[in-house]
Amino acid sequence: MTNPSPTPSVRRRRILVPYGTRPEIIKLAPVVRALRAVGHSVITVNTGQHSDAPMSGDLSLALGLETTITNVLTLDKSSRLGQIVSDALRIVSEHRPDLVLALGDTDTVPAYALAAKRSSLPFVHLEAGLRSFNQRSAEELNRKIGSASASLHFAPTERSRAFLRSEGVDDDRIRVVGNSVIDALLSTSLSPLGVEERFGVLVTAHRATNVDDPQRLSRFVGLVNDLASTIGPVTFPVHPRTAQRMAQFLPGVRFHDQVTLSPPLGYFSFIDQLRRSLLVVTDSGGLQEEASYFGVPLVVLRGSTSRWESVENGSVRLATLDDDQGAARAREAANLLTRDESLRTIATIPCPYGDGHTGEAVARYLGDPSLDQYLILEEPSFLNGEVPW
Ligand code: UDP
């Protein structure tokens, strides 16, 4: 009788997952669920970067992201970053996980990358390799710090893998797994609608470049009003920062009667509104991936994006609010993308951002013992006198 071949041992790792903002909660919830489902032990840390309920607290509960450690911060922006870093240093050294896993481009990424390294622990970057090539962007620096620190990079697309490789990241350390934003969408069970079932425009804006300048903010309001008169009813859930800036810069501002303003919507309602829209106009990053899943075209109110796949496939156009010509370009893009022919073509474009199984792929890869070579950090030995180059 032959012995049954031994089952390869699967690693069950202790993983510390910090998050602090709405998009991190949405994208990490399915990953944390998938990690736990295969037996990894996950410590979640809410850094408190978004401390208001609709942006963070309610959302993490709704998505089943139970928080192990919470640090609700009420500090102003300048002291908040320092506080996140000092919390990160303390939390990581107290818990000593097998690895720290952080997503995307918020301040959580550099803070926890630094903390992981200070404790000689591996840092793993999820949604790795996005690049906007915008030198003014704090998010771009956060992404690059993530890449410089990571022992393993979970990239959403082949393009993001290529960006990482072009910066010298070893291909063996990259896994293309899609973006877990699509996992989150699948979990809503909301499917794409036919073009004839859609109407109106969904609008959001919260980037400092658009809302912190009175002139740009007023061009934005002009654009929203024009969209209501040319395309149809506009739904505009107002980010807290934008609400504050409108009250400050444009008191008594009037909107077209076809514009519906509201506080931020719950995730499910927001996604339902998105799939019912003919067009999205936004400066948000994650919405570009979500709109793509529903085959809805989008105007990005920025001069650059980190989601080039949608620019390349024709479903996204870029426009800025820098001057009146920029705003005219945004109107033109909106009109072009909502022509019947464009709507129908874009509805058939496959979503380039993943298949909805990113969380499972991450959980499987992290269980693979062959990744120990990247996840157990050792000082290299050059005792034989060789030099690296
Ligand atoms: N979102 C939401 N309610 C809203 C607006 C947005 O739940 O009223 C969700 C949206 O589905 C997306 C995420 O918030 O997943 C985007 O967050 P945000 O625009 O703040 O961040 P970004 O993606 O630009 O980093």
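Everything below is about the structure printed above this text.
These notes cover the structure that comes with them. Counting restarts for each chain: residues are numbered from 1 in the order of the written sequence. Totals for whole chains, interfaces and linings use all residues, but because this is a predicted model, local features are given only for residues with pLDDT of at least 70 and pairs of side-chain atoms are given and counted only at 80 or more. Side-chain measures here rest on the full set of heavy atoms in the structure, leaving out hydrogens and waters.

## What to know about the environment of G367
As a reminder of what qualifies: Helix and strand definitions here come from DSSP, where helices need a minimum of 4 consecutive H or I residues and strands a minimum of 2 consecutive E residues; each element is numbered from the N-terminal end. The buried label applies to any residue whose accessible area, calculated with a 1.4 Å probe on protein chains only, is under 20% of its type's maximum; exposed applies above 50%, and partly exposed to all values in between. The contact rule is simple, with two residues in contact once any of their heavy atoms fall within 4.5 Å.
Looking at where G367 falls in the secondary structure, it is placed in the loop between α16 (358–366) and α17 (372–375). You can call G367 buried: its relative accessible area is 4%. It is 9.1 Å that separates the C-alpha atoms of G367 and L35, two residues lying 332 residues apart in sequence. Ignoring anything within four residues of it in the chain, the contact list for G367 reads V10, R11 and H40.

## Comments concerning the side chain of S132
When you line up the elements, S132 lands in the loop between β5 (123–126) and α5 (138–149). Judged by its relative accessible area of 7%, S132 is buried. Look past the residues within four positions of S132 in its chain and what remains in contact with it is S137, E140, R143, S304, T305, S306 and W308.

## A closer look at the packing of aromatic side chains
Basically, it comes down to this: Under the pairing criterion, centres of Phe, Tyr and Trp rings, with the six-membered ring standing for Trp, must be within 6.5 Å; the plane angle then separates stacked pairs below 30 degrees from edge-to-face pairs above 60, leaving the rest tilted.
Tallied over the entire structure, the rule returns five aromatic pairs. With centroids separated by 5.3 Å and ring planes inclined at 75°, the aromatic side chains of F133 and F163 adopt a geometry described as edge-to-face. Of this pair, F133 sits in the loop between β5 and α5 while F163 sits in helix α6 (residues 158–166), and the two are 30 residues apart along the sequence. Arranged with centres 5.5 Å apart and planes meeting at 75°, the rings of F220 and F236 form a pair that is edge-to-face. Pair noted here: F220 is in helix α9 (residues 214–230) and F236 is in strand β9 (residues 234–237), with a separation of 16 residues, a long-range link.

## Observations concerning the pattern of salt bridges
What counts is decided by this rule: The rule for a salt bridge is simple: a side-chain nitrogen of Lys or Arg has to be within 4 Å of a carboxyl oxygen of Asp or Glu.
Applying the stated criterion across every chain yields a total of 24 salt bridges. Salt-bridge contacts for K27 lead to E289; the nearest nitrogen and oxygen are separated by 3.3 Å. On the criterion of sequence distance, the pair formed by K27 in helix α1 (residues 22–37) and E289 in helix α12 (residues 286–293) is long-range, its members being 262 residues apart. With a relative accessible area of 4%, K27 lands in the buried category. With relative accessibility at 1%, the residue E289 sits in the buried group. The partner of R275 in a salt bridge is D272, and the shortest N-O contact between them spans 2.8 Å. Highlighted residues: R275 and D272, both in helix α11 (residues 267–275), separated by three residues, approximately one helical turn. Judged by relative accessible area, which is 10%, R275 ranks as buried. Salt bridges sharing partners connect three or more residues here, namely K27, E127, E289 and R307.

## A closer look at the sheet that holds strand β12 (residues 298–300)
Just so we agree on the cut-off: Here, strands pair whenever DSSP counts at least two bridges between them. Under this scheme, a helix contributes an axis fitted over its contacting stretch, all axes are lines through C-alpha atoms, and angles between N-to-C directions fall in the 0 to 180 degree range.
Strand order in the open sheet made by the six strands is β10-β9-β8-β11-β12-β13, with parallel pairing throughout. Each edge of the open sheet is held by one strand with a lone partner, namely β10 (259–262) and β13 (316–318). Across this sheet, the average inter-strand angle for adjacent strands is 20°, counted without regard to direction. Against the sheet, helix α14 (residues 324–337) contacts β11 (279–282), β12 and β13, and its axis sits at roughly 165° relative to β12.

## Side note on unusual backbone geometry
Within the chain, R96 stands out as a residue other than glycine whose phi angle is a positive 35°. Summarising the element assignment, R96 is placed in the loop between α3 (77–95) and β4 (99–103). According to the relative accessible area criterion, R96 is partly exposed, its value standing at 45%. Despite not being glycine, E127 shows a phi value in the positive range, around 65°. You can call E127 buried: its relative accessible area is 9%.

## Topic: the site of the ligand
Keep this limit in mind: Near residues are defined by distance, with any heavy atom within 4 Å of the molecule or strand qualifying the residue. By the criterion applied in these results, polar contacts are pairs of N or O atoms within 3.5 Å in which, for protein atoms, one can donate a hydrogen and the other can accept it, and in which residues neighboring in sequence qualify only through two side-chain atoms. Under the scheme applied, nonpolar residues are Ala, Val, Leu, Ile, Met, Phe, Trp, Tyr, Cys and Pro; charged residues are Asp, Glu, Lys and Arg; polar residues are all the others, including Gly.
The local shell around the ligand holds 16 residues, among which R207, L265, G285, G286 and E290 are the closest. Between the ligand and L265 there is a distance of 2.8 Å, counted from an oxygen atom to a backbone nitrogen or oxygen. A distance of 2.7 Å separates an oxygen atom of the ligand from a polar backbone atom of G286. Every element with two or more residues in the shell around the ligand is listed here: α1, α11 and α12. When the residues that make up the shell around the ligand are grouped by side-chain class, the tally is nine nonpolar, four polar and three charged.

## Structural notes on the pairing of β9
Definition in use: With the strands pointing away from the viewer, any crossover whose connection runs clockwise from the first strand over the helix to the second is right-handed.
Residues V234 and F236 line one face of β9 and the alternating positions T235 and P237 line the opposite face, and both faces are buried. Note: β9 against β10, four bridges, orientation parallel. Note that in β10 the partner of F236 across the bridge is L261. Handedness of the crossover joining β9 and β10 through helix α10 (residues 240–249) is recorded here as right-handed.

## Focus: α5
Threshold: One fewer than the residue count of a helix, multiplied by 1.5 Å, yields its expected span.
Between its terminal C-alpha atoms α5 stretches 17 Å, which fits the 16 Å expected from 12 residues at 1.5 Å a residue. Looking at α5, one finds that the buried residues are E140, N142, R143, G146, S147 and S149. Looking at where α5 begins, the residue whose side-chain oxygen comes 3.2 Å from the main-chain nitrogen of E139 is S137.

## Section: the nonpolar core
For clarity, the cut-off: We define a nonpolar core as any set of buried Ala, Val, Leu, Ile, Met, Phe, Trp, Tyr and Cys residues linked to one another through side-chain atoms lying within 4.5 Å.
Grouped together as the largest cluster of nonpolar side chains are 34 residues, with contacts concentrated most on V203, F220, L227, V234, F236, V281 and V299. Sorting the residues of this core by element identifies β8 (201–204), α9, β9, β11, α14 and α15 (340–347) as the ones contributing at least two each. Per-element tally for this core: the top contributor is α9, with seven residues. Core analysis: the second largest hydrophobic core is formed by 27 residues, V17, V31, L35 and A361 among them.

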